[in-house]
Amino acid sequence: MALNGHRGDIEVNNDEDETPTKPLRSAREEMTPDDPADEPAGGTATTGGPGASARGASLHRPGTTRSDSLRRSRPPFPWFGMDIGGTLVKLVYFEPKDITAEEEQEEVENLKSIRRYLTSNTAYGQTGIRDVYLELKDLSLCGRTGNLHFIRFPTYDLPAFLQMVRNKHFSSLHTTLCATGGGAYKFETDFRTMADLQLQKLDELDCLIRGVLFTESVVVSDPSECYYFENPSDPERCEQKPYGLQDPYPLLLVNIGSGVSIMAVYSETDYKRVTGTSLGGGTFLGLCCLLTGCSTFEEALEMASEGESTRVDKLVKDIYGGDYERFGLPGWAVASSFGNMLTSEKREGVSKADLARATLVTITNNIGSITRMCALNENINKVVFVGNFLRVNTLSMKLLAYAMDYWSKGQLKALFLRHEGYFGAVGALLELLHPS
Amino acid sequence: RLQLRLAGHGSHSLDKSITLPPDEIFRNLENAKRFAIDIGGSLTKLAYYSTVQHKVAKVRSFDNTAKEASSEKLYEISVQEEITARLHFIKFENAYIETCLDFIKDHLVNTDTKLIKATGGGAHKFKDLIEKKLGLKVDKEDEMTCLIRGCNFVLRNIPHEAFIFTKHADSEFRFQNTHPDIFPYLLVNIGSGVSIIKVESEDKFERIGGSSIGGGTFWGLGALLTKTKRFDELLQLASKGQHTNLDMLVKDIYGGSYGSLGLTGDLIASSFGKSATTDKEFSKEDIAKSLLHMISNDIGQLACLYARLHSLTRVYFGGFFIRGHPVTMHTITYSINFFTKGEVQALFLRHEGYLGAIGAFLKGAEEDNPNQYSWGENYAGSSGLMSASPDINPMQRARSGTFDMLEMDRLERKLVNLPLLEDPSSYVPDTVDLTVDPLAREYWLFCFEDALDGVVKRAVASQPDLPEAVERAEKFRQKYRHKLQTLRQQPFAYGSLTVRSLLDTREHCLNEFNFPDPYSKIKQRENDAALRCYQKAVAALDALGWEEKQFALVRGVLAGNVFDWGAKAFFHSTSLLLLLFVPERPWLVDSYNQWLQRLKGPPHKCAVFFVDNSGMDIILGVMPFVRELLLRGTEVVLASNSSPALNDVTNGELQILTETIAAMDPIIQAGLKEDRLVLVQTGSSSPCLDLGRLDKELTIVVRERRADLVVIEGMGRAVHTNYFARLSCESLKMAVIKNPWLAERLGGKLFSVVFKYELPTPPPPAAPPMKEEEEEEAVFSP
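Residues numbered from 1 in each chain as written. Chains lettered and ligands numbered in written order. Predicted model: local features only at pLDDT ≥ 70, side-chain atom pairs only at ≥ 80, totals over all residues. Heavy atoms only, no water.

Going by what an unreviewed UniProt entry lists, chain B is known as 4'-phosphopantetheine phosphatase and is assigned to Gadus morhua. UniProt, in the comment section headed Subunit (unreviewed entry), describes chain B in these words: "Homodimer. Interacts with PKM." (UniProt positions renumbered as here; feature names shortened; annotations may be inferred.)

Chain A is annotated in an unreviewed UniProt entry as pantothenate kinase of Gadus morhua. Word for word, the UniProt comment on chain A under Subunit (unreviewed entry) is "Homodimer."

What follows is the structure, given as structure tokens:
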């Protein structure tokens, strides 16, 4: 993580040829990141609707080209949704693809430049990343069609982001920036003073749930938004399978970010936070950094994938020689996480990768076990895991799938969503478009 | 003498060699049998059963024919040997195991024991050593089963076993009453991992869950992160650290609190969340602290989720992670409080470290059926709970870390609670908890220290024929003084400190040094003197009018009660003189009018009278009062101590006294003959009274006779204890306060009188309560 020496401006990282880690969604229009300039301009004509700020309404002439109700209530471009978490800032950006010539002409330079900047790059500055494989194409939003982009950067780089916003004169667009997550509150003043932007602060759980339900409903084709692991107990046959979440309620929603929140959701508006735990993604990364000297989540995961946790953890069979039959505990179950590390001899015998793996297994299993207890207490048998801890973290997902299945004797199903950590940001965007 | 040497363990600060007199640890090995051992990661707990020869004082009436010729005394006192059963539990560091086994082998004589029950993770490691050294076959028992058995045993037999921990209160330990029904409960055992066990009955328990994040995680991760090897050192580090340097708090994310969810800013949002994003060195202390919080919170949360799922509210925590460590007790308490919003309190156990050994022992002793008896903690032979603050008495703490002891005596009688208690689960015998009242504690500790010389003198005087009594009495003095000093430092050592526990500790210490009844001769003399006045006193009472007589009877009880351990025994000539000490009404607590009013009504069915002193008290105070009750048609159950305590009349003495009185008094005679006057024992040998632990036989009599009046007499039973006790029938508490300090505390003067006549709380009305109806209860209409 580039902590030192990042400049005030986030530099454009011009590796436009970067291949997305996953094939783009088929049967959809391909994005052309290398040539963003040929897109029609426009989009400022829709100010004055209820979603727009008062300031914006007073400075822009009312729209003249469209008169449907959608348009009237539509906020001006650009459309962003932001989720400022403890570790990561998640940004979703809607890139309109149906810009008319007229709009193109009227589109102010700033707006164009922002659009071009965001869509023509996949990395921003030292730490900003666009998850191209998650991009939602041909998405209809508020009567407009376009692509939804998913961008993230570390929260500690927020000052650099604000500097960029300032440099790009974002505030002159007089748009509302809907933001959720704790940072919306913590950095509200910074947004105002550094970037002259007024945030519309939104509750993070409201946004999260709205985002999950929306995304799940608009993504119908392959790859399906929701999936599960078939045969979670058999590594050979364990396979990712699409899951239709048409009938989602009640569901237990487990958001694993820096920390963990667990919600019981009964409808889009009826939900409660059941509990949470401070042992989350931040704990995994924090401990890994201390134990192995790594500095990024990707590094930590990479190491974990190569390590062996059973050298670090004490298993039931290490104590009882096999299963603890009296209590139905299988020999392979972890009896004590890091329980082998009590002697210096054993401590010297493990690798950093082993420690990273043990940390991952410990945190993941603990989340699984708290989740399972909540599901029992709330009498819910469907669990959806989201949050950026699961990003490129198949290891944890399979562990969770297995733990849910094994300890509940098949009663609980662990479900996952492709857009893992972005639902809060999506929810914030939806709030901009359809104020609740 | 036992010499202990630590071999090859030079690295840490333990004494390399310690010497302890053999009469302090591994006591009574000569008669030991049924060994059990629990070897944990660092501590070994040894258990055995022994029989202890005790001197007991017995009274025996003289042959009636020989009486007049031989002496003026009514009964003779003899000291006999009695054998009682005792359980010994000793805890020591694993490093001493070999030396201890050698010592045991050397002192173990004529035992027919072939087997030693073993449990704990280290049992298999030391199996060969134990078999070789002791020549006993090691028989392994399931760890969890032993744990639960042990837990049930201490909860059932040791009052004030469980406590809640409050770090910043005057007293860190708040001891809990043991609920008469100890089941169901949840035991969260935090060893290297965590096991959560639901216990529904003696034999029915189930491991309902657990977690791999436990003490081993704290230790293992802690060692990796801080390069600190020992568990205790890690805890030390943690107690000095700041978790906010590594943990990401809600306010680190929100800038403040997350209001809509009620999450305060100081809440941890992500444990170690800052160590990934902050590129700086963290102190060992801070890391240890964050780790401790992370693990404690996690365990607390899981425990709460399980407690909720199974609707359990009693949650006990144990295991090496807890084991008396104030740091972990505090974090677990905090976590439980947070996750249950205060609905569940984390409970800890004084003898938590012994549970496995006790359980293993009980498994081996099944043929003796230890669970059919009641057992009592012997304060003289038990170390008691150590201080939570390591700074208070480091010497003592260090030593207790080496050897800690628990001794339990098998009680002669099975003890249960009085069926007439309004609410047995909330009944607290003691009036003042000295643990939480520093002023009162200071006073009473001083009092007992001050009285020690007198007690020693009396003990010596009680055994004039035994020259070595002086030496024994001196040993008693040292032991009891040491106990008092310990209690000054650690008032919570044996549960809540009370006047009762101070008195009981003294009795235990006296017994320990074979002074079973220092007051026997005095009691005998007093009884003789009082008996000579009985007929005259009764005649005088009978000459009075009804109303005067009732008052004189009450005054008689109070006057008789003036002579006691607290007051100097300078007045024992005539009862008339004592009457001078009973002040005029109104008394300090005075419901005499209500009592008199009640006496005008129908007689009680049956009265249970808990009596106090020998001499004037029982003979000239209580007996005439009892006689009047009998005349009214009320049956009387006289409840007295099973064994001696101070000058209290014992059941044995009372048998003789009652028979003698019966010979002079036809009313008492008839009462005995018609079975309307019965004598029972309380099962106690305390100058105070715990209505929650009474001889089962007594409670059967109370139930069968449908007792509807309880009379409690004397300062020890009606003021130090039971002053606030609520009964489900009428009750009468009578005492003269013979201690100026206590009198002042209660707002009166020396020799103030407590006469407390109470009616039971009326049952709650079925319909929604109406104010007028509620108020009617105050007036009793016969």
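On we go from here.
Asker: Got a minute to help me understand the overall build of chain B in this structure?
Answerer: What chain B contains, in helices and strands, is 26 helices and 27 strands. Per-residue burial for chain B yields a buried fraction of 59% across its 782 residues. Summed over its atoms, the accessible surface of chain B is roughly 31800 Å², and 51% of this surface lies on carbon and sulfur atoms. (Helix = DSSP H or I, 4+ residues; strand = E, 2+ residues; numbered from the N terminus. Buried < 20%, exposed > 50% of the residue type's maximum accessible area, 1.4 Å probe, protein only. Areas by Shrake-Rupley, 256 points an atom, 1.4 Å probe, with all protein chains shown as cover.)

Asker: What is the right way to look at the packing of helix α21 (residues 651-664) of chain B against helix α22 (residues 666-673) of chain B in this model?
Answerer: When two helices pack together, their arrangement is given by the angle between their axes and by how far apart the axes lie. All names here are of chain B. Running from N to C, α21 and α22 point in directions that differ by 125°, and their axes come no closer than 6 Å. Classified by the interaxial angle, the pair formed by α21 and α22 is oblique. The two elements α21 and α22 cross, and the hand of that crossing is left-handed. For the pair α21 and α22, the contacting residues are Thr658, Ile661, Ala662 and Met664 in the first and Pro666, Ile668, Gln669 and Leu672 in the second. (Axes fitted to C-alpha atoms, helices over the stretch in contact; angles between N-to-C directions. Parallel < 35°, antiparallel > 145°, perpendicular 65-115°, else oblique. Left-handed = near helix turned anticlockwise from the far one by under 90°. Contact = heavy atoms within 4.5 Å.)

Asker: What's the story with the nonpolar core in this structure? I'm lost.
Answerer: The nonpolar side chains of soluble globular proteins are, as a tendency, buried together. Counting 99 residues, the largest nonpolar core has A:Phe385, A:Phe416 and B:Phe317 as its most contacted members. The leading source of residues in this core is helix α8 (residues 284-309) of chain B, at 13 residues. Setting aside chain neighbours within four positions, we find A:Phe416 in contact with A:Glu225, A:Cys226, A:Tyr227, A:Phe229, A:Phe385, A:Leu390, A:Met397, A:Leu400 and A:Ala401. (Core = buried A, V, L, I, M, F, W, Y, C linked by side-chain atoms within 4.5 Å.)

Asker: Could you clarify how one ought to interpret a positive patch on the surface in this entry?
Answerer: On the surface, a cluster of positive charge is made up of B:Lys73, B:Arg458, B:Lys521 and B:Arg525. Tracing the sequence through the fold places B:Lys521 in helix α16 (residues 520-542). (Patch = residues over 30% accessible without salt bridge, like charges linked within 9 Å, V, L, I, M, F, W, Y side chains within 5 Å. Salt bridge = Lys/Arg side-chain N within 4 Å of Asp/Glu carboxyl O. Lys, Arg positive; Asp, Glu negative; His and termini not counted. Charge placed at Lys NZ, Arg CZ, Asp CG, Glu CD.)

Asker: Looking at this structure, how should I read the interface of chain A and chain B?
Answerer: The figure often quoted for interface size is the accessible area lost as the parts come together. The interface is formed by 54 residues belonging to chain A together with 51 residues belonging to chain B. Roughly 4400 Å² is buried in total at the junction of chain A and chain B, and carbon and sulfur atoms are behind 63% of that figure. Along the contact surface separating chain A from chain B lie one salt bridge. Across the pair A:Glu378 and B:Arg308 runs a salt bridge whose closest N-O atoms are separated by 3.3 Å. The interface formed by chain A and chain B holds 20 residue pairs in polar contact (both at pLDDT 80 or more) in total. At the level of secondary structure, the elements contributing two or more residues to the side of chain A that touches chain B comprise α6 (182-186), α8 (204-218), β14 (271-277), α9 (281-292), β16 (334-336) and α13 (352-378) of chain A. The dominant element in the side of chain A that touches chain B, judged by the number of residues it contributes, is α13(A), at eleven residues. Grouping the constituent residues of the side of chain A that touches chain B by class yields 24 nonpolar, 22 polar and eight charged. (Buried area = accessible area lost by both parts, 1.4 Å probe. Polar contact = N/O pair within 3.5 Å; in protein donor to acceptor, adjacent residues only side chain to side chain. Nonpolar A, V, L, I, M, F, W, Y, C, P; charged D, E, K, R; others polar.)

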